[in-house]
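# Descriptive structure summary
The primary structure of each chain is shown beneath.
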Protein chains: 2
Amino acid sequence: MNWRFVINQLGLLSLLLSGAMILVGVAGWLFEWRSPDPIDNDALLALAATICGTVLVGGLLWLRTRGSAKHIGRREALLLVGVSWLFGAAVAGTPYLLWAYWHTGPGEHHPFLDPVNCYFEAMSGLTTTGATILGDDYSIEALPQSLLLWRAFTQWLGGLGIVVLFVAVLPTLGVGGKRLFRVEAPGPAPEGLRPHIRETATTLWLIYLILTGVEVIALKIAGMSWFDSFCHTFTTLSTAGFSPKDASLGHYASPAIHTIVIIFMVLAGVNFGLYYQLSRKRFRKVLQDTELRVYLGLLLVGTAIVTLSLINSPITLTKDLTVVEPSVASAIHHGVFTTVSIQTTTGYSTADFNLWPFAAQAVLVMAMLVGGSAGSTAGGIKIIRVWIALKVILAEIEHVFRPHVVRPLRLGNSVIDDEMKLGSIAYILGILILAVVGGWSVMMIEQWYGSGTCDFKTAATSSIACLFNVGPGLGHVGAIENYEWLTTGSKVLLTLLMALGRLEVFAIIVLVMPRFWRAD
Amino acid sequence: MNWRFVINQLGLLSLLLSGAMILVGVAGWLFEWRSPDPIDNDALLALAATICGTVLVGGLLWLRTRGSAKHIGRREALLLVGVSWLFGAAVAGTPYLLWAYWHTGPGEHHPFLDPVNCYFEAMSGLTTTGATILGDDYSIEALPQSLLLWRAFTQWLGGLGIVVLFVAVLPTLGVGGKRLFRVEAPGPAPEGLRPHIRETATTLWLIYLILTGVEVIALKIAGMSWFDSFCHTFTTLSTAGFSPKDASLGHYASPAIHTIVIIFMVLAGVNFGLYYQLSRKRFRKVLQDTELRVYLGLLLVGTAIVTLSLINSPITLTKDLTVVEPSVASAIHHGVFTTVSIQTTTGYSTADFNLWPFAAQAVLVMAMLVGGSAGSTAGGIKIIRVWIALKVILAEIEHVFRPHVVRPLRLGNSVIDDEMKLGSIAYILGILILAVVGGWSVMMIEQWYGSGTCDFKTAATSSIACLFNVGPGLGHVGAIENYEWLTTGSKVLLTLLMALGRLEVFAIIVLVMPRFWRAD
């Protein structure tokens, strides 16, 4: 194991996060300075202190290991990816903790006083999950703008992955970068992304930046403040779902804002490799893409079922829990928004879908499991894997009565080989087992140590919502509730599930396998 | 498609079922004659009428299609297996229906007056599921002994499969028999069962008969009546679980009886191919069998967890709902009995496990999913498939950091080939999807048409308990409740799930595939 290199890169990661924090600190200060409320010096100080500490430690690590061998193996790459997220969340959560220490008076309470809560919130940010421990008595809107901006920005950073940024920006990785990218790119390696990693990655970030710019302006025009536009854009494009508002997107009544957000959530759930193809003017490739078609098809079917099931139900909005009488318009409005938000694993809410009919909730849970496209910022199992699995199952059934007919399974123009088949199904089965074990563990931890408010629906969907990077679940972790009330044990477990889900299990799970650590 | 042959075999099946009914009718009459209660002529008449009708129709079908080509293809074999169960349940359910028509006075009600209930009960018998629509106001014990014996005997018949009997008894099938056997033998074709089908099948039935004799005598010695010994033996060895008592095995307080039943449930969940090996004195093969070891290991771990979770809980018995104060002895007693009953998918109960702690229920649901060994009478996914799937998933994880190390996966001394890997995990994923779709459908049907008493726990476990041929689930289909209250739609669906599960999906599901029916 090339430890020097791994430490060197972690040092670099620290410096990068410090840079991001400086940016956010300055922007946050400007926003707070423009706003009528007094500037929250504690938050700025917390950011500054974190920056100093991180630069110091990160810089030292980086300097001391400079000039390490640049050639790394697959194991170093995996280790680096896994540790990056575990370590990055610790850095990203520090400002929350420091702010709470300085801001709360003696005898006062705040969730951020607990380091586990801060780590949970930071991991939920970097993994683009969007599960939060804020709410109830500790309003999101009560946080200073600089912290809210940092909270949203961690999701934007997580969006295409800090490690992809590493690959694009930093030339130090050399050949190792290819391996990192292979691990990092969510889902089975998308076609055409493999060669010319740096060039491709740069193009991808450019696309990400352009989309960011367009959405910020669109939201501003639709009536949001600049601050809210930025925060929501950061968390839409990363399909992450932290909102600076307690009522999430339900804070805004404007259908225009909701429509813009729906469009960008859909765009963010598309394989970014297709945008790369678009930028190369390969339009036919995009139109013929199987995953894109299935993705859009699933969104259509899902929204149709959810909308239909809502037509006769009153809808409780997240804003002040206003109850809207049943109408076709509101069924479409909230049905489409929620289904898109859940299927893309964003997790914004406008209505309390925990109160919706069973049919709607079943579709939403299924949508959480399936998630978005591979190579997008969305979580979930990924559409391409589900598609392959369904094709394999159908082929297996046909195999029973036609054992001698061997028809290659196709995905567009390419043939799915046995390795891909086995890999996809094994992944799905493995991650479902993980979801079940996660849900049962939360249930058991809460039964033994908790306050007794956790039912099975809550436990099961908290595991799914974290593992698949969705954010809100059902029951007591639903749209209008949060994760703060869970016991520390459950929160640690759910934090781990977020990392496992975001890195598609492997980069984290290998870290606990003895075989991984033994010399090759 | 060789229709003549298929019809010919269905005729034969009718004759066979008639023969079984004659046997049961005579035995039932003897039992009733010996008992102090008056003989129920309606039941004997119902059996007689069914026998006449079945012999007439079956005989005609058989005679008219005699001399049909004996060579059948895979499609004929599949069709025959699928239709056998769907048709056999109709025949087996007729006595219930006729009895109810003749026995109930005007204005009286009985569940068996509804043909769907009779078909449900009969399918639950032939598929060795054990889910019943009797109970509550319509006690099982109120049925005449001849019907109770028929009810138990359908499970014994279902045990190793009427179709295996076909293969063993009837020489008409020729080469087609091999195909039938391949479809019928539950689970991946067990080693050593393939050649010499008739001889092997005969040995298997002999083993089944010997086990039956031994258990009947053991139960009689332990204090059961002859009638109850027979009924319980029929439903233990088939891991099926119909009991002639409302309180199931909880009717008996005797630990000796429970111990005997536990032993025979465990024996019935073992691959019968191993008994065949034993009869050939190949002891080492049996001792080295991976599936046997995993099966026993899982039983040990499962009972340990369930027992531990019960130590501090009071236990409600199925007999008169007596509550037993927490004690180590009763935790072991009911923990072991219930776990073995559920893991082997028998479904007997001594205690209302619906009231047990979450940890125990989670283990029980997991045990339902896994089930017994391939080649046993137990249902579930089957241990061998689960074992292969776990090995594949572990290998896939190692593949991430060691892409070039190709180690063949072994099962004992044989290597698992790619087809078996893909087949196993595709089957697991497919049947889990089916279980989820089943649970959601039951939930939705009950919400739309039902009485509103169906919660998600009930819906989900009813689907699992039927698809995996267990019998009782949790919630309102738990140990002390039954399936009668469900709507007709749900009952039809659950009946279909039982057949799908027992025939491992394929023999039923191909019947609805257009491609299956197109000429080859």
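Now for a quick tour of the structure. On a predicted model such as this, the values are computed, not experimentally measured, just so you know. (Residues numbered from 1 in each chain as written. Chains lettered and ligands numbered in written order. Predicted model: local features only at pLDDT ≥ 70, side-chain atom pairs only at ≥ 80, totals over all residues. Heavy atoms only, no water.)

Take the interface of chain A and chain B next. Listed as interface residues are 45 residues of chain A and, on the opposing side, 45 residues of chain B. Both faces combined, the contact of chain A with chain B buries some 4,200 Å², and carbon together with sulfur accounts for 78% of it. Contact with chain B buries area across many residues of chain A, yet Phe358, Phe401 and Leu422 of chain A alone supply 18% of it, more than any other trio. Counting the contacts that link chain A with chain B gives zero salt bridges. Applying the counting criterion to the chain A and chain B interface returns zero residue pairs in polar contact (both at pLDDT 80 or more). Only helix H3 (74-103), helix H15 (358-370), helix H16 (383-401), helix H17 (418-449), helix H20 (506-509) and helix H21 (514-517) of chain A provide two or more residues apiece to the side of chain A that touches chain B. With 17 residues, H17 of chain A is the single largest residue contributor to the side of chain A that touches chain B. The residue makeup of the side of chain A that touches chain B, split by class, is 30 nonpolar, four polar and eleven charged. (Contact = heavy atoms within 4.5 Å. Buried area = accessible area lost by both parts, 1.4 Å probe. Salt bridge = Lys/Arg side-chain N within 4 Å of Asp/Glu carboxyl O. Polar contact = N/O pair within 3.5 Å; in protein donor to acceptor, adjacent residues only side chain to side chain. Helix = DSSP H or I, 4+ residues; strand = E, 2+ residues; numbered from the N terminus. Nonpolar A, V, L, I, M, F, W, Y, C, P; charged D, E, K, R; others polar.)

Our next topic: the side chain of Thr345 of chain B. On the secondary structure map, Thr345 of chain B appears in the loop between helix H14 (328-343) and helix H15 (358-370). Residues in contact with Thr345 of chain B, not counting those within four places in the same chain, are Thr128, Thr129, Thr239, Ala240, Met368, Gly371, Ala378, Gly379, Gly380, Phe468, Asn469 and Val470 of chain B.

Attention now moves to the nonpolar core. Side chains of a nonpolar character, in soluble globular proteins, are inclined to be buried together. The biggest cluster of nonpolar side chains holds 299 residues, and the ones touching the most others in it are Trp150 and Tyr483 of chain A together with Trp150 and Tyr483 of chain B. With residues up to four places along the chain from it excluded, the contact list for Trp150 of chain B reads Leu17, Ala20, Met21, Val24, Leu47, Ala92, Pro95 and Tyr96 of chain B. (Core = buried A, V, L, I, M, F, W, Y, C linked by side-chain atoms within 4.5 Å. Buried < 20%, exposed > 50% of the residue type's maximum accessible area, 1.4 Å probe, protein only.)

In this structure the tally under the stated criterion is 34 aromatic pairs over all chains. Geometrically, the ring pair formed by Tyr208 of chain A and Phe272 of chain A is edge-to-face, given 6.0 Å between the ring centres and 65° between the ring planes. Of this pair, Tyr208 of chain A sits in helix H8 (residues 197-221) while Phe272 of chain A sits in helix H11 (residues 272-279), and the two are 64 residues apart along the sequence. Residue Phe272 of chain A is classed as buried on the basis of its relative accessible area, which comes to 1%. Measuring from ring centre to ring centre gives 5.6 Å for Phe358 of chain A and Phe456 of chain B, while their planes differ by 40°; the resulting arrangement is tilted. Taken as a pair, Phe358 of chain A in helix H15 and Phe456 of chain B in helix H18 (residues 456-467) lie in two separate chains rather than in one. Classification of Phe358 of chain A as buried rests on a relative accessible area of 12%. According to the relative accessible area criterion, Phe456 of chain B is partly exposed, its value standing at 38%. The ring of Tyr427 of chain A is capped by Arg385 of chain A, whose NZ or CZ atom sits 3.7 Å from the centre of that ring. (Phe/Tyr/Trp six-rings, centres within 6.5 Å; stacked < 30°, edge-to-face > 60°. Lys NZ or Arg CZ within 6 Å of the ring centre and 35° of its normal.)

Turning to helix H13 (residues 290-310) of chain B, a few remarks are in order. For H13 of chain B, spanning 21 residues, the distance from its first C-alpha to its last is 30 Å, which sits close to the expected 30 Å at 1.5 Å a residue. A side-chain oxygen of the first residue of H13 of chain B lies 3.4 Å from the backbone nitrogen of Glu291 of chain B; this N-cap is Asp289 of chain B. (Expected span 1.5 Å × (residues − 1).)

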